[in-house]
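Chains, contacts and geometry: an overview
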Amino acid sequence: MQSTLLVLTCVISAVAALGQRNDEPSPVVAARQAVVTPPPCAPIVPEPTEEETEARHDAFANAFLVTKNLTNAFEYISSTYINHNPFAEDGPDAALDFLGPVWPGIQITVLRTKFQGDQGWLNYQASGIGTVVDRFRWESGCIVEHWDVGEVYPEDES
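Looking up the chain in an unreviewed UniProt entry gives the name SnoaL-like domain-containing protein, with the organism given as Stachybotrys elegans.

Below, the discussion takes up the layout of surface pockets. Approximately 610 Å³ is the volume found for the largest pocket. Residue assignment for the lining of the largest pocket shows that the elements contributing at least two residues are helix H3 (50–66), strand S1 (77–83), helix H5 (92–99), strand S3 (119–126) and strand S4 (130–139). Taken together, the residues of the lining of the largest pocket sort by class into 20 nonpolar, 5 polar and 4 charged.

This part is about the environment of Asp 58. Of note, Asp 58 is situated in helix H3. Note: C-alpha distance between Asp 58 and Lys 114 (56 residues apart in sequence) is 8.6 Å.

Before going further, it helps to spend a moment on the nonpolar core. Counting residues in each nonpolar core, the largest one holds 26 residues, and the members touching the most others are Phe 60, Phe 64, Trp 103 and Tyr 124. At the level of secondary structure, the elements contributing two or more residues to this core comprise H3, helix H4 (70–73), S1, H5, strand S2 (108–116), S3 and S4. The residues contacting Phe 64, other than those within four sequence positions of it, are Leu 70, Ala 73, Leu 99, Trp 103, Leu 122, Tyr 124 and Asp 134.

Let us now look at the state of the cysteines. The final tally for this structure, using the stated rule, is 1 disulfide. Put simply, Cys 41 and Cys 142 are joined by a disulfide, and their sulfur atoms are 2.0 Å apart. Handedness here is read from the sign of the S-S torsion; for Cys 41 and Cys 142, about -75°, the answer is left-handed. Taken together, the residues span a long stretch of sequence, with Cys 41 in the loop between helix H2 (27–34) and H3 and Cys 142 in strand S5 (residues 142–147) at a distance of 101 residues. When sorted by exposure, Cys 41 lands in the same class as Cys 142, which is buried.

What counts, and where the lines are drawn
- Residues numbered from 1 in each chain as written.
- Predicted model: local features only at pLDDT ≥ 70, side-chain atom pairs only at ≥ 80, totals over all residues.
- Heavy atoms only, no water.
- 1 Å grid on protein atoms, 1.4 Å probe; cavity = no way out; pocket = protein on both sides within 12 Å on 5 of 7 lines; lining within 4 Å.
- Points joined across faces, edges and corners; volume = space filled by probe spheres on them.
- Helix = DSSP H or I, 4+ residues; strand = E, 2+ residues; numbered from the N terminus.
- Nonpolar A, V, L, I, M, F, W, Y, C, P; charged D, E, K, R; others polar.
- Core = buried A, V, L, I, M, F, W, Y, C linked by side-chain atoms within 4.5 Å.
- Buried < 20%, exposed > 50% of the residue type's maximum accessible area, 1.4 Å probe, protein only.
- Contact = heavy atoms within 4.5 Å.
- Disulfide = S-S within 2.5 Å.

Here it is in structure tokens:
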């Protein structure tokens, strides 16, 4: 009886220490649930011009890095999105599952952005991570591929 009471006391103390009831979601789950998953980006027909795609890239960059609104940012991600990071899965849902809980707490300093051809780059400082270069390939107005491991920001052509 004494050992059961001790275990019960420890469980109650642990729950109280977490500061949440058993029926409340964990902070990670709550943060992910706060992100509304938009429908995937629908390809634009006819294919947008490079200038139109650059404007979409700029809107994506603003939503992703400045306002940090993942719902708006992921409106530009295709359902066939390929993530070339070996530690990440493909598809927009996998990226939202990873970013949703942590993105709101990361401090972002935008260093620069660039768009050329069908590729866009974001270069930024992220608290707890360091300097990041993300590269995205656009097709029919949607992001279809992403690289972030060992990426180098392209130098301006002279």
